[in-house]
Amino acid sequence: MTSSISLNIKNLQEAVTESHIDNLKPMITAAHNTLHNRCGAGNEFLGWLDLPTNYDKAELERVKVAAKRIQENSKVLIVIGIGGSYLGARAVIEAMTGPFFNSMDEDKRKVPAVYFAGNNISSTYLSQLIQLIDGKDFAINVISKSGTTTEPAIAFRIFKEIIEKKYGKEEAKKRIFITTDKAKGALKKLADTERYETFIIPDDIGGRFSVLTPVGLLPIAVAGINIDELLQGARNGRENFSNEDVHRNICYKYAAVRHLLYERGKTTEILVNYEPCLQYFGEWFKQLYGESQGKDGKGIFPASVNFSTDLHSMGQYIQDGMRNIFETIINVEEPQINLSIKEDEENVDGLNFLVGKTIDFVNKRAMEGTALAHVEGGVPNIVINMKALNPKALGELIYFFEKSCAIGGYLLGINPFDQEGVEAYKKNMFALLGKPGYEELQRSLTERLGD
Ligand code: PA5
C-alpha cells in the first residue's frame, strides 16, 4: 500500500546512524511482539491497534446520520470535552478547514462552526462562548469516557441550561449528543435518564487514542470532513506500519530514532509545522506522547512550535539554548492552496527577486534553511514528509504517531496506556473545593497553603 508519508533522518548526522538503529533491532522486535501479542503493560487498552478495520459499522452510520442532522438544524456545534476527548477532533478539524473556518460567513462555510468548551475552567471563556452563540441555532456534543471529569461536567451543566431554555426540554434533547462509556459514569446515567442520543467509546481505547472513534468522528463529520477517508488512511497506516523490521517500517524507525536521541540526552522533542492549520495537531501530539510516555521519571518532553511564526519567539532558544532538543518537522509537500508573488514596479520592499515564485516556495526555503541552521546549532531533526494535507494522509499520520508512541513506550519500559499522574491534581482540586470524601486531604492542603 503506497504510504502518504515518508521519513527523512539524514539531518541526524552522526548522532544516530543506521548501525545504531540496527543495534536497537532486537528491542524493537520485542516491543512489536509485546504489542501485537497483547502481552505488555496496558494490554487492555489496545483497541486502537485494529480499530481502522475493526470498528462498529452501525455506530459509524449513526455518527454520519447525527452529523447530518446537526448540519441541518444548527449553525454551531459546541464540543464539550477535555484531553483526549477533544484534542483529536480539534486537530483534524483545524488541519482540514484552517484557522478561519469558524469566522467564515455561514453561507460560505456551509456547515456549522465548531467550538470547544469544557477544556478549561475559565468563566471568562465560557461567558464569551455563550455570548458568541447568542441567537444562533446550536447543538452540543458532550464527550467524556469516564463521564465524571469536572471540566466538561461544569461546561455541560451551563450549556444544558441554555439549550433547554432556548428550545424547551424536549427539543433540547434532540440537540444533545453524548459520547461516553457504554455502561458507567455520571454522563451515561444522565444520557439514559434524559434519553439523549449516545455514542460509545470502546472500553479498550483510552482517551488520547480515541480520535478515530465517535469521540473524534462526530465533530469531524459535522465540520464536513470525510470520515471514511480518514479511516481509510488509518487502515493504510495499519497495513504500512505492520512490519516488525525497523528498516521497513518508518513508524518503528521514528520510535527507534527518538529512543536513541533520548539516550543521548535529547530529552525534549519539538514537533514543528510550517502550516498554521497544524497548530492543534501539535497539541494532540503533545498529549499523546506526554501522557503516554512521561512516567516513572522517564520520557521525552514533547513540545510544539509553529514556524515561521515561532522562529521569532522560540527560534533563539532552539538555535542557541540548552542542547537537549531535537525537532520532528512535519513537511506538507503540496499546500492546499498556493499563491505566487507578483512584480511591483517600485520594488521598495526589494522582493522583486521572488517574482513568479510561490509563497510555498519561500516557506520551503525557510524550512530547509532553518533545519540546517538548527542542525549546525546542535539540534538534529527528523522530517516527516506528507505529500498533501487531506483526510486520508491525516488518518495515516494519526495511526503512525499512535503506534510509534506505543512502541516507544515499551522501549522505555513503561505502560504507555495509563495516566495515573493526571489524578494528583484532581484529588487536590476536589479536596480544596470541599468535595465530600476528601476532608483529610483538605485539612492538610489548607495547612500547606496557609504557610
Ligand atoms: O487520554 C486520556 O485518557 C485523558 O487525556 C482523557 O481523555 C481526559 O482526561 C478526559 O477524560 P474523560 O474522557 O474521561 O473525561
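What you see is a predicted model; the values in this text were computed from it and never measured. (Residues numbered from 1 in each chain as written. Predicted model: local features only at pLDDT ≥ 70, side-chain atom pairs only at ≥ 80, totals over all residues. Heavy atoms only, no water.)

**Side note on the overall build of the protein chain**
Helices and strands together make up the secondary structure of the protein chain, namely 18 helices and ten strands. A compact globule built from 451 residues would reach a C-alpha radius of gyration of about 22 Å, and the protein chain, at 23 Å, matches this within 12%. C-alpha extents for the protein chain along the principal axes are approximately 60 × 60 × 55 Å. Across the 451 residues of the protein chain, 52% fall into the buried class. Counting only carbon and sulfur atoms, one obtains 52% of the accessible surface of the protein chain, whose full area is about 20700 Å². (Helix = DSSP H or I, 4+ residues; strand = E, 2+ residues; numbered from the N terminus. Rg over C-alpha atoms; globule rule 2.2 N^0.38 Å. Buried < 20%, exposed > 50% of the residue type's maximum accessible area, 1.4 Å probe, protein only. Areas by Shrake-Rupley, 256 points an atom, 1.4 Å probe, with all protein chains shown as cover.)

**Notes on empty space enclosed by the protein**
Enumeration according to the criterion identifies one cavity of 30 Å³ or more in this entry. Its boundaries defined by the atoms lining it, the largest cavity holds a volume of some 50 Å³. Ala255, Arg258, His259, Tyr262, Gln293, Ile300, Gly408 and Leu412 are the residues that line the largest cavity. Broken down by secondary-structure element, the contributors of at least two residues to the lining of the largest cavity are α12 (250–263) and α16 (391–412). Residue composition of the lining of the largest cavity, grouped by class: four nonpolar, three polar and one charged. (1 Å grid on protein atoms, 1.4 Å probe; cavity = no way out; pocket = protein on both sides within 12 Å on 5 of 7 lines; lining within 4 Å. Points joined across faces, edges and corners; volume = space filled by probe spheres on them. Nonpolar A, V, L, I, M, F, W, Y, C, P; charged D, E, K, R; others polar.)

**Some words on the site of the ligand**
Around the ligand there are 13 residues in total, and Ser85, Ser144, Ser146, Thr149 and Gln287 lie nearest to it. Glycine 207 places a main-chain nitrogen or oxygen 3.5 Å from an oxygen atom of the ligand. In isolation the ligand has 380 Å² of accessible area, and contact with the protein removes 89% of it. When atoms are counted within 2 Å of each cavity's grid points, the one that captures over half of the ligand is the largest pocket. Broken down by class, the residue content of the shell around the ligand amounts to one nonpolar, nine polar and three charged. (Near = heavy atom within 4 Å. Polar contact = N/O pair within 3.5 Å; in protein donor to acceptor, adjacent residues only side chain to side chain. Sits in = over half its atoms within 2 Å of the grid points.)

**Describing unusual backbone geometry**
Going from phenylalanine 307 to serine 308, the amide bond is cis rather than trans, its omega being 10°. Mapped onto the elements of the fold, serine 308 is located in the loop between β8 (301–306) and α14 (315–320). Residues other than glycine seldom take positive phi values, yet arginine 195 does so here, at roughly 60°. Looking at where arginine 195 falls in the secondary structure, it is placed in the loop between α9 (186–194) and β6 (197–200). Of the residues examined, arginine 195 reaches a relative accessible area of 64% and is grouped as exposed. One non-glycine residue, aspartate 296, lies in positive phi territory at about 55°. Mapped onto the fold, aspartate 296 is located in the loop between α13 (279–293) and β8.

**Things to note about the UniProt feature "active site" (unreviewed entry) in the protein chain**
As annotated in UniProt, the feature "active site" (unreviewed entry) corresponds to Glu291 and Lys426 in the numbering used here. When the annotated set is filtered for residues lining the largest pocket, what remains is Glu291 and Lys426. Along the chain, the position of glutamate 291 falls in helix α13. When its relative accessible area of 24% is taken as the criterion, glutamate 291 is described as partly exposed. If we skip the residues at most four places from it in the chain, glutamate 291 touches Arg208, Lys286, Asp418, Gln419 and Val422. A distance of 3.0 Å separates the side chain of glutamate 291 from the side chain of arginine 208, its partner in a polar contact. With respect to the helices, strands and loops of the structure, lysine 426 is situated in helix α17 (residues 423–433). (UniProt positions renumbered as here; feature names shortened; annotations may be inferred. Contact = heavy atoms within 4.5 Å.)

**Here we look at helix α15 (residues 359–376)**
Residues separated by three or four positions in an α-helix point in the same direction, a consequence of the helix having 3.6 residues per turn. In this model, α15 (18 residues) spans 26 Å end to end at C-alpha, consistent with the 26 Å of a helix rising 1.5 Å per residue. Positioned one or two residues after α15, glycine 378 has a phi angle of 95°, which is positive. (Expected span 1.5 Å × (residues − 1).)

**A few points about a nonpolar patch on the surface**
A cluster of nonpolar side chains, contributed by Ile121, Ile154 and Ile158, occupies part of the molecular surface with about 240 Å² of accessible area. Structurally, isoleucine 158 is set in helix α7 (residues 150–167). Exposure remark for isoleucine 158: the relative accessible area of 33% places this residue in the partly exposed category. (Patch = residues over 30% accessible without salt bridge, like charges linked within 9 Å, V, L, I, M, F, W, Y side chains within 5 Å. Salt bridge = Lys/Arg side-chain N within 4 Å of Asp/Glu carboxyl O.)

**Examining the packing of helix α3 (residues 57–73) against helix α10 (residues 214–222)**
Close contact between α3 and α10 brings their axes to 8 Å; oriented N to C, the two are set at 35°. The chirality of how α3 crosses α10 is right-handed. Residues Glu59, Leu60, Val63, Ala66, Ala67, Ile70 and Gln71 of α3 form the contact with α10, whose own contacting residues are Pro214, Leu217, Leu218, Ala221 and Val222. Class assignment of the residues belonging to the contact of α3 with α10 gives a composition of ten nonpolar, one polar and one charged. (Axes fitted to C-alpha atoms, helices over the stretch in contact; angles between N-to-C directions. Left-handed = near helix turned anticlockwise from the far one by under 90°.)

**A closer look at the domain arrangement of the protein chain**
One can read the domain layout of the protein chain as domain 1 (5–39 + 239–412) and domain 2 (51–225). Measuring from the centre of the C-alpha atoms in domain 1 to the corresponding centre in domain 2 gives 30 Å. Listed by partner, the interface residues are 19 residues for domain 1 and 19 residues for domain 2. Counting each side, the surface lost to burial between domain 1 and domain 2 is near 1700 Å², with a carbon and sulfur contribution of 69%. In this assembly, domain 1 and domain 2 are joined by one salt bridge. Arginine 208 is the partner of glutamate 291 in a salt bridge, and the nearest nitrogen-oxygen pair spans 3.0 Å. Within the residue set of the side of domain 1 that touches domain 2, elements represented by two or more residues are α13 and α16. Among the elements that make up the side of domain 1 that touches domain 2, the one with the highest residue count is α13 (eight residues). Of the residues contributing to the side of domain 1 that touches domain 2, the split by class is eleven nonpolar, four polar and four charged. (Domains from an automatic or database assignment. Buried area = accessible area lost by both parts, 1.4 Å probe.)

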